[in-house]
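# Analysis of the macromolecular model
If you want the building blocks of each chain, they are given just below.
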Amino acid sequence: MQTINTAPCNPKASDEVRSVLNYFGEIRGKGIITGQHTQTIAQEELHYIREATGKLPALCGFELLGYSPNINYQDSGEECLLEVAENKDTLQKAWEWAEKKQGLITFTWHWFSPLSGRDKSFYAEHTDFDATKAIVEGTAEYKALLSDMDYMAEILREFRDKRIPILWRPFHESEGTWFWWGSKGPEAAKQLYRIMYERYTNHHDLTNLIWVWNSPLSEGYVGDEVVDIISRDLYPPAHQHTDLRKEYEELVRITPTPKLAALGEIGPIPSVRSLSESRIPWLWFMTWSNDFGKTEKFTTKEELRSAYHCDYAITLDKLPKLY
(Lines give C-alpha, C1' and ligand atoms only; values in the text may rest on other atoms or scores of the structure.)
Protein backbone atom coordinates (compact mmCIF):
# COMPACT_ATOMS: atom_id res chain seq x y z
CA MET A 1 0.00 0.00 0.00
CA GLN A 2 1.23 3.47 -0.90
CA THR A 3 2.56 5.59 1.92
CA ILE A 4 0.65 8.79 2.62
CA ASN A 5 2.02 12.14 3.71
CA THR A 6 0.00 13.04 6.81
CA ALA A 7 1.49 16.49 7.32
CA PRO A 8 -1.38 19.02 7.62
CA CYS A 9 -2.02 21.35 4.69
CA ASN A 10 -1.99 24.29 7.11
CA PRO A 11 1.64 24.68 8.22
CA LYS A 12 0.42 26.39 11.41
CA ALA A 13 -1.88 23.49 12.35
CA SER A 14 -2.09 22.64 16.05
CA ASP A 15 -0.39 19.70 17.71
CA GLU A 16 -3.84 18.11 18.12
CA VAL A 17 -4.44 18.24 14.37
CA ARG A 18 -1.07 16.64 13.77
CA SER A 19 -1.85 13.96 16.35
CA VAL A 20 -5.12 13.06 14.62
CA LEU A 21 -3.56 12.99 11.15
CA ASN A 22 -0.65 10.86 12.34
CA TYR A 23 -3.13 8.43 13.87
CA PHE A 24 -5.06 8.31 10.61
CA GLY A 25 -1.87 7.43 8.80
CA GLU A 26 -1.18 4.62 11.25
CA ILE A 27 -4.63 2.99 10.96
CA ARG A 28 -5.01 3.40 7.19
CA GLY A 29 -5.84 -0.03 5.78
CA LYS A 30 -5.75 -1.54 9.26
CA GLY A 31 -9.16 -0.41 10.50
CA ILE A 32 -12.09 1.86 9.78
CA ILE A 33 -13.42 4.51 12.15
CA THR A 34 -17.12 4.14 12.86
CA GLY A 35 -19.12 7.36 12.60
CA GLN A 36 -22.64 8.69 12.99
CA HIS A 37 -24.19 12.03 12.04
CA THR A 38 -26.56 13.70 14.50
CA GLN A 39 -28.47 16.96 14.20
CA THR A 40 -30.66 17.22 17.29
CA ILE A 41 -30.10 17.55 21.02
CA ALA A 42 -31.70 14.13 21.52
CA GLN A 43 -29.05 12.38 19.37
CA GLU A 44 -31.38 9.41 18.99
CA GLU A 45 -28.94 7.79 16.57
CA LEU A 46 -26.32 7.34 19.30
CA HIS A 47 -28.87 5.78 21.64
CA TYR A 48 -29.96 3.46 18.84
CA ILE A 49 -26.37 2.34 18.15
CA ARG A 50 -25.64 1.76 21.83
CA GLU A 51 -28.84 -0.23 22.27
CA ALA A 52 -28.09 -2.35 19.19
CA THR A 53 -24.36 -2.90 19.71
CA GLY A 54 -23.42 -1.93 23.27
CA LYS A 55 -20.90 0.48 21.75
CA LEU A 56 -20.62 4.04 20.45
CA PRO A 57 -19.01 5.30 17.23
CA ALA A 58 -15.55 6.84 17.44
CA LEU A 59 -16.64 9.80 15.31
CA CYS A 60 -19.74 11.92 15.79
CA GLY A 61 -21.02 14.34 13.17
CA PHE A 62 -22.81 17.56 14.09
CA GLU A 63 -25.00 19.79 11.93
CA LEU A 64 -24.55 23.57 11.76
CA LEU A 65 -27.57 24.48 9.63
CA GLY A 66 -29.39 26.12 12.55
CA TYR A 67 -26.37 28.37 13.16
CA SER A 68 -26.58 29.94 9.68
CA PRO A 69 -26.91 33.72 10.14
CA ASN A 70 -29.36 34.30 7.28
CA ILE A 71 -32.37 32.03 7.90
CA ASN A 72 -35.59 33.53 6.52
CA TYR A 73 -38.00 32.64 9.31
CA GLN A 74 -40.81 34.69 7.75
CA ASP A 75 -40.80 32.74 4.49
CA SER A 76 -40.13 29.15 5.51
CA GLY A 77 -42.34 26.10 5.70
CA GLU A 78 -43.10 24.04 8.80
CA GLU A 79 -40.58 21.36 7.87
CA CYS A 80 -37.77 23.89 7.60
CA LEU A 81 -38.68 25.65 10.83
CA LEU A 82 -38.86 22.32 12.68
CA GLU A 83 -35.46 21.28 11.36
CA VAL A 84 -33.94 24.58 12.47
CA ALA A 85 -35.62 24.38 15.89
CA GLU A 86 -34.45 20.81 16.49
CA ASN A 87 -30.92 21.81 15.52
CA LYS A 88 -30.88 24.65 18.05
CA ASP A 89 -28.06 24.48 20.63
CA THR A 90 -26.70 21.17 19.31
CA LEU A 91 -23.14 22.48 19.67
CA GLN A 92 -23.66 21.84 23.37
CA LYS A 93 -23.58 18.14 22.44
CA ALA A 94 -20.39 18.65 20.43
CA TRP A 95 -18.74 20.12 23.54
CA GLU A 96 -19.90 17.15 25.60
CA TRP A 97 -18.65 14.70 22.98
CA ALA A 98 -15.24 16.34 23.05
CA GLU A 99 -14.89 16.89 26.79
CA LYS A 100 -16.54 13.74 28.15
CA LYS A 101 -15.94 11.21 25.37
CA GLN A 102 -12.88 12.67 23.61
CA GLY A 103 -14.28 11.27 20.39
CA LEU A 104 -13.60 12.63 16.93
CA ILE A 105 -15.82 15.49 15.71
CA THR A 106 -16.87 16.43 12.21
CA PHE A 107 -19.13 19.30 11.20
CA THR A 108 -21.57 19.45 8.28
CA TRP A 109 -22.95 22.88 7.37
CA HIS A 110 -26.09 23.05 5.29
CA TRP A 111 -25.44 26.74 4.82
CA PHE A 112 -28.56 28.81 4.35
CA SER A 113 -28.00 31.25 1.48
CA PRO A 114 -25.93 34.24 2.69
CA LEU A 115 -28.16 36.63 0.73
CA SER A 116 -31.82 36.32 -0.21
CA GLY A 117 -33.50 32.95 -0.25
CA ARG A 118 -36.51 31.34 1.37
CA ASP A 119 -37.28 28.12 3.22
CA LYS A 120 -34.33 25.67 3.12
CA SER A 121 -32.20 28.09 1.15
CA PHE A 122 -29.14 25.87 1.21
CA TYR A 123 -30.95 24.26 -1.72
CA ALA A 124 -30.33 26.09 -4.98
CA GLU A 125 -34.03 25.94 -5.87
CA HIS A 126 -34.83 28.19 -2.89
CA THR A 127 -32.38 30.99 -3.59
CA ASP A 128 -31.04 33.06 -6.47
CA PHE A 129 -27.71 33.52 -4.67
CA ASP A 130 -25.07 33.27 -7.39
CA ALA A 131 -21.86 31.46 -6.43
CA THR A 132 -20.04 32.92 -9.45
CA LYS A 133 -20.69 36.41 -8.07
CA ALA A 134 -19.77 35.38 -4.54
CA ILE A 135 -16.20 34.61 -5.60
CA VAL A 136 -15.68 38.14 -6.99
CA GLU A 137 -14.31 40.63 -4.47
CA GLY A 138 -16.44 43.69 -3.93
CA THR A 139 -19.79 42.22 -4.91
CA ALA A 140 -22.72 42.14 -2.49
CA GLU A 141 -22.59 38.34 -2.70
CA TYR A 142 -18.90 38.29 -1.76
CA LYS A 143 -19.48 40.57 1.22
CA ALA A 144 -22.40 38.42 2.41
CA LEU A 145 -20.30 35.26 1.96
CA LEU A 146 -17.48 36.64 4.11
CA SER A 147 -19.91 37.92 6.71
CA ASP A 148 -21.35 34.43 7.17
CA MET A 149 -17.89 32.86 7.17
CA ASP A 150 -16.73 35.26 9.86
CA TYR A 151 -19.79 34.48 11.97
CA MET A 152 -19.08 30.75 11.79
CA ALA A 153 -15.38 31.34 12.46
CA GLU A 154 -16.27 32.70 15.89
CA ILE A 155 -18.00 29.41 16.72
CA LEU A 156 -15.02 27.41 15.48
CA ARG A 157 -12.62 29.66 17.39
CA GLU A 158 -14.04 28.42 20.70
CA PHE A 159 -13.06 24.88 19.78
CA ARG A 160 -9.60 26.09 18.77
CA ASP A 161 -9.15 27.82 22.11
CA LYS A 162 -10.02 24.56 23.89
CA ARG A 163 -7.59 22.72 21.58
CA ILE A 164 -10.28 20.51 20.05
CA PRO A 165 -9.55 19.38 16.48
CA ILE A 166 -12.44 19.48 14.00
CA LEU A 167 -12.80 17.49 10.80
CA TRP A 168 -14.08 20.40 8.72
CA ARG A 169 -16.00 19.42 5.55
CA PRO A 170 -17.29 22.63 3.93
CA PHE A 171 -19.18 22.92 0.61
CA HIS A 172 -20.02 19.22 0.68
CA GLU A 173 -21.32 17.39 -2.37
CA SER A 174 -20.12 20.18 -4.64
CA GLU A 175 -20.26 17.74 -7.58
CA GLY A 176 -24.04 18.20 -7.55
CA THR A 177 -26.20 21.20 -8.41
CA TRP A 178 -28.70 20.81 -5.55
CA PHE A 179 -26.88 23.13 -3.12
CA TRP A 180 -26.22 26.78 -3.98
CA TRP A 181 -22.46 26.30 -3.72
CA GLY A 182 -22.50 23.61 -6.43
CA SER A 183 -25.28 25.05 -8.60
CA LYS A 184 -22.90 26.98 -10.85
CA GLY A 185 -20.50 24.09 -11.39
CA PRO A 186 -17.41 22.65 -9.71
CA GLU A 187 -15.08 25.54 -10.56
CA ALA A 188 -17.13 28.03 -8.53
CA ALA A 189 -17.30 25.59 -5.62
CA LYS A 190 -13.53 25.21 -5.78
CA GLN A 191 -13.05 28.98 -5.52
CA LEU A 192 -15.51 29.22 -2.60
CA TYR A 193 -13.54 26.59 -0.71
CA ARG A 194 -10.24 28.36 -1.38
CA ILE A 195 -11.68 31.69 -0.19
CA MET A 196 -12.76 29.99 3.04
CA TYR A 197 -9.41 28.24 3.46
CA GLU A 198 -7.56 31.54 3.09
CA ARG A 199 -9.98 33.34 5.41
CA TYR A 200 -9.97 30.71 8.14
CA THR A 201 -6.29 29.82 8.00
CA ASN A 202 -4.70 33.25 7.63
CA HIS A 203 -7.27 35.80 8.81
CA HIS A 204 -8.91 33.85 11.65
CA ASP A 205 -5.96 31.59 12.47
CA LEU A 206 -8.17 28.52 12.95
CA THR A 207 -5.34 26.09 13.51
CA ASN A 208 -7.65 23.34 14.80
CA LEU A 209 -9.29 22.50 11.45
CA ILE A 210 -8.57 19.35 9.48
CA TRP A 211 -9.61 20.23 5.94
CA VAL A 212 -11.83 17.64 4.24
CA TRP A 213 -12.72 18.01 0.56
CA ASN A 214 -16.00 16.32 -0.36
CA SER A 215 -16.42 15.57 -4.07
CA PRO A 216 -15.36 12.71 -6.36
CA LEU A 217 -14.86 14.98 -9.39
CA SER A 218 -11.35 15.54 -10.70
CA GLU A 219 -12.53 18.73 -12.44
CA GLY A 220 -12.83 21.42 -9.83
CA TYR A 221 -10.57 19.63 -7.34
CA VAL A 222 -9.28 22.37 -5.05
CA GLY A 223 -5.67 21.22 -4.84
CA ASP A 224 -3.55 19.15 -2.49
CA GLU A 225 -2.10 22.23 -0.79
CA VAL A 226 -5.46 23.06 0.84
CA VAL A 227 -6.74 19.54 1.57
CA ASP A 228 -5.88 17.05 4.29
CA ILE A 229 -8.45 14.37 3.44
CA ILE A 230 -10.55 13.65 0.36
CA SER A 231 -14.05 12.25 0.79
CA ARG A 232 -17.30 11.51 -0.97
CA ASP A 233 -20.91 10.86 0.01
CA LEU A 234 -22.56 7.60 -1.02
CA TYR A 235 -26.10 6.32 -0.68
CA PRO A 236 -26.23 2.72 -1.97
CA PRO A 237 -29.51 0.80 -2.10
CA ALA A 238 -30.96 -0.34 1.23
CA HIS A 239 -29.14 -3.32 2.79
CA GLN A 240 -26.34 -3.24 0.24
CA HIS A 241 -23.11 -3.57 2.22
CA THR A 242 -19.79 -3.85 0.34
CA ASP A 243 -16.22 -2.59 0.63
CA LEU A 244 -16.97 0.11 -2.00
CA ARG A 245 -13.74 -0.64 -3.85
CA LYS A 246 -14.83 0.91 -7.15
CA GLU A 247 -15.99 4.09 -5.42
CA TYR A 248 -12.68 4.33 -3.55
CA GLU A 249 -10.67 3.93 -6.74
CA GLU A 250 -12.75 6.64 -8.44
CA LEU A 251 -12.19 9.03 -5.55
CA VAL A 252 -8.43 8.66 -5.21
CA ARG A 253 -7.97 9.40 -8.91
CA ILE A 254 -8.90 13.07 -8.31
CA THR A 255 -5.60 13.84 -6.57
CA PRO A 256 -2.13 14.03 -8.13
CA THR A 257 -0.59 12.60 -4.95
CA PRO A 258 -2.01 9.96 -2.57
CA LYS A 259 -4.37 11.31 0.10
CA LEU A 260 -6.24 9.92 3.08
CA ALA A 261 -9.79 9.11 1.95
CA ALA A 262 -13.09 8.86 3.83
CA LEU A 263 -16.81 8.24 3.41
CA GLY A 264 -18.13 11.68 4.39
CA GLU A 265 -21.72 10.42 4.47
CA ILE A 266 -23.29 7.06 3.79
CA GLY A 267 -26.73 5.49 3.97
CA PRO A 268 -26.36 1.71 4.42
CA ILE A 269 -23.06 1.15 6.24
CA PRO A 270 -20.16 -0.44 4.36
CA SER A 271 -19.38 -4.08 5.04
CA VAL A 272 -16.73 -3.88 7.74
CA ARG A 273 -16.13 -7.64 7.42
CA SER A 274 -15.40 -7.23 3.70
CA LEU A 275 -13.13 -4.27 4.41
CA SER A 276 -11.19 -6.35 6.94
CA GLU A 277 -10.35 -8.72 4.08
CA SER A 278 -9.87 -6.33 1.14
CA ARG A 279 -8.24 -3.57 3.23
CA ILE A 280 -9.66 -0.85 1.00
CA PRO A 281 -8.33 2.04 3.10
CA TRP A 282 -11.45 4.05 3.79
CA LEU A 283 -10.53 6.05 6.87
CA TRP A 284 -14.03 6.42 8.32
CA PHE A 285 -17.66 6.16 7.44
CA MET A 286 -20.37 8.44 8.81
CA THR A 287 -23.89 7.09 8.64
CA TRP A 288 -26.42 9.83 7.96
CA SER A 289 -29.14 10.54 10.51
CA ASN A 290 -32.91 9.99 10.42
CA ASP A 291 -33.98 6.64 8.94
CA PHE A 292 -30.40 5.78 7.97
CA GLY A 293 -29.11 6.03 11.53
CA LYS A 294 -31.95 4.99 13.80
CA THR A 295 -34.05 2.40 11.98
CA GLU A 296 -33.53 -0.92 10.19
CA LYS A 297 -34.74 0.47 6.85
CA PHE A 298 -31.22 0.59 5.42
CA THR A 299 -29.02 -1.37 7.84
CA THR A 300 -30.32 -4.13 10.10
CA LYS A 301 -29.36 -4.26 13.76
CA GLU A 302 -27.66 -7.57 13.02
CA GLU A 303 -25.46 -5.94 10.36
CA LEU A 304 -24.75 -3.02 12.70
CA ARG A 305 -23.73 -5.38 15.53
CA SER A 306 -21.54 -7.39 13.17
CA ALA A 307 -19.81 -4.21 12.01
CA TYR A 308 -19.27 -2.67 15.44
CA HIS A 309 -17.95 -5.92 16.90
CA CYS A 310 -15.56 -6.66 14.03
CA ASP A 311 -11.90 -6.35 15.03
CA TYR A 312 -11.41 -4.04 12.04
CA ALA A 313 -13.96 -1.51 13.36
CA ILE A 314 -12.64 1.36 15.47
CA THR A 315 -15.34 2.25 17.97
CA LEU A 316 -15.14 4.89 20.69
CA ASP A 317 -13.74 2.43 23.24
CA LYS A 318 -10.82 1.67 20.88
CA LEU A 319 -9.97 5.27 20.09
CA PRO A 320 -6.74 6.46 21.73
CA LYS A 321 -6.51 9.87 23.40
CA LEU A 322 -5.73 12.21 20.50
CA TYR A 323 -6.32 15.65 22.09
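Computed from a predicted structure; not experimentally measured.

With the rule as written, the count across this model stands at 25 aromatic pairs. Ring centres 5.5 Å apart and planes at 80° place the aromatic pair Phe107 and Phe159 in the edge-to-face group. Of this pair, Phe107 sits in strand S4 (residues 104–108) while Phe159 sits in helix H6 (residues 140–161), and the two are 52 residues apart along the sequence. With 5.3 Å between their ring centres and 80° between their planes, Trp180 and Trp181 make a pair best called edge-to-face.

A few words now on helix H7 (residues 186–203). In this model, H7 (18 residues) spans 25 Å end to end at C-alpha, consistent with the 26 Å of a helix rising 1.5 Å per residue. For H7, every residue scored as buried is listed here: Ala188, Ala189, Leu192, Tyr193, Ile195, Met196, Tyr197, Tyr200 and Thr201. Among the structural elements, helix H5 (131–134), H6, strand S5 (166–168) and strand S6 (209–214) are those in contact with the buried residues of H7. Positive backbone phi, approximately 55°, marks Asp205, located one or two places after H7.

The bulk of non-glycine residues show a negative phi, and the bulk of peptide bonds are trans. For Asp89, which is not glycine, the phi torsion reads 65° and is therefore positive. Along the polypeptide, Asp89 turns up in the loop between helix H3 (78–87) and helix H4 (91–101). For Ser116, which is not glycine, the phi dihedral falls at a positive 65°.

With that settled, the discussion passes to H3. Looking only at H3, the buried set comprises Cys80, Glu83, Val84 and Asn87. For H3, the buried positions fall inside an angular range of 95° around the axis, keeping them on one side. Buried positions along H3 lie against strand S3 (59–63). Immediately downstream of H3, the backbone of Asp89 shows phi near 65°, a positive value.

Basis of the calculations
- Residues numbered from 1 in each chain as written.
- Predicted model: local features only at pLDDT ≥ 70, side-chain atom pairs only at ≥ 80, totals over all residues.
- Heavy atoms only, no water.
- Phe/Tyr/Trp six-rings, centres within 6.5 Å; stacked < 30°, edge-to-face > 60°.
- Helix = DSSP H or I, 4+ residues; strand = E, 2+ residues; numbered from the N terminus.
- Expected span 1.5 Å × (residues − 1).
- Buried < 20%, exposed > 50% of the residue type's maximum accessible area, 1.4 Å probe, protein only.
- Contact = heavy atoms within 4.5 Å.
- Arc of directions from axis to C-beta.

Without other data, these values stay purely geometric and don't point to any function.
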